[in-house]
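# Structural overview
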Amino acid sequence: MMSQHPMLRDARLSRFPLPVWLAVPLAWTVTWVGSFTIFPLLRLVSVGAGLLLSGQSNLSVQELVGHYLLFIQLASFAGIMALVFAWVRLVEKRPLVTLGFYGKKWLSSLALGCAIGFLQFALVVGLLVLTGQISLSLNYLSGDALAFILAIAPFWLLQGTTEELVVRGWLLPTLATKVSLVWAIFISSALFGAMHLLNAGVTVLSVTNILLDGIFCALLLLYGGNLWLVGGLHGAWNFVQGNIFGSLVSGTPADASVWTWQPVGNLAWLTGASFGAEGSLLTSLVLLASILVLVYLFWKKSDWSWQDFWQRPPKTPFQSAKTGKSID
């Protein structure tokens, strides 16, 4: 039964269960407050750059910091992750593993997620090229540019895993202790979409695509059973999108890329315009197809039923398999 899914089961270990009306704004607040980590990181890098370029102009320091700004932006997600960890350990008083960090084969799960993310976005690119919406030209990469691309990959994994941690690892199971799984998936995915409303070039279609991606990642999380899978997918999707194919990543430029991405169509709802490929209707089709594949895989499973997604969570005390204690 879906109620015995490890993440849904272990969310009930929380010593501080939250109602829906409080869990959603808390997830938003944690993301917003944690993002302020970028300011001490900027200061630290600026001081380091000043020491490295001692005696040179302030403009040189600003140029160096600006060159590595994407690293700083992505590294700041560590602050969000730290806040989630602190909440779970100090307030809810449950192990961090219950956020979805299960399995001894975590590295293979992470790699599988990366492969899925790569294939998904490669399919989007293929459709955009075949329909004449974009052109791609291979860049000549200097040693510095290649080093930049290779070095940024783990930072994208940090960013992607952190967003999945907040929305899918913590919020979705927390909501599923109070409402049906269908509602938990929809609400958490809607928040995921809302978190991108202030991005450059945002459109109704781009937010809809992010919501669809949220639904897909939620289903993949439930099917795969751990957070490593969706963390790898999310990080790889962004890395491949920006630093391999050169598209804007939710409106954000990725600086160095293997290919140059050039929209050639005149229909923004197909090219994605200034939001990047995530704003394209063709991305919608890929995500809908991905969701249908997972629905089919769930249909083939014998240990669950559709009712598991629609029924309200049990109100009876849950007994932890680890401690043997009952959780109200």
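Our subject is the structure listed above.
Residues numbered from 1 in each chain as written. Predicted model: local features only at pLDDT ≥ 70, side-chain atom pairs only at ≥ 80, totals over all residues. Heavy atoms only, no water.

Of regular secondary structure, the protein possesses 14 helices and four strands. Computed over C-alpha atoms, the radius of gyration of the protein comes to 21 Å, within 12% of the 20 Å expected from 2.2 N^0.38 for 328 residues, which places it in the range of a compact globule. Projected onto its principal axes, the C-alpha positions of the protein cover 65 × 50 × 35 Å. Looking at the protein as a whole, 48% of its 328 residues are labelled buried. Across the protein, every contact between residues at least 6 apart in sequence was considered, and the portion connecting residues at least 24 apart equals 77%. About 15,800 Å² of surface is accessible on the protein, with carbon and sulfur atoms providing 69% of the total. In the protein, the 17 positive side-chain charges and the 12 negative ones have mean positions that sit 15 Å from each other. (Helix = DSSP H or I, 4+ residues; strand = E, 2+ residues; numbered from the N terminus. Rg over C-alpha atoms; globule rule 2.2 N^0.38 Å. Buried < 20%, exposed > 50% of the residue type's maximum accessible area, 1.4 Å probe, protein only. Contact = heavy atoms within 4.5 Å. Areas by Shrake-Rupley, 256 points an atom, 1.4 Å probe, with all protein chains shown as cover. Lys, Arg positive; Asp, Glu negative; His and termini not counted. Charge placed at Lys NZ, Arg CZ, Asp CG, Glu CD.)

For the rest of this paragraph, the subject is helix α2 (residues 20-34). Owing to its 3.6 residues per turn, the α-helix brings residues three or four apart onto one side. Under the 1.5 Å per step criterion, the end-to-end length of α2 is 21 Å for 15 residues, consistent within 8% with the ideal 21 Å. By the burial criterion, the buried members of α2 are Ala23, Leu26, Ala27, Val30, Thr31 and Gly34. In an axial view of α2, the angular spread of the buried residues amounts to 130 degrees, which keeps them on one side of the axis. Of the exposed residues in α2, the ones pointing more than 90 degrees away from its buried face are Trp21 and Trp32. (Expected span 1.5 Å × (residues − 1). Arc of directions from axis to C-beta.)

In this model, helix α9 (residues 181-194) (14 residues) spans 20 Å end to end at C-alpha, consistent with the 20 Å of a helix rising 1.5 Å per residue. Of the residues making up α9, those classed as buried are Leu181, Ala184, Ile185, Ser188, Ser189, Leu191, Phe192 and Gly193. Tucked inside the fold, the buried residues of α9 contact α1 (6-10), α2, α8 (143-176), α10 (204-224), α11 (227-244) and α14 (307-310).

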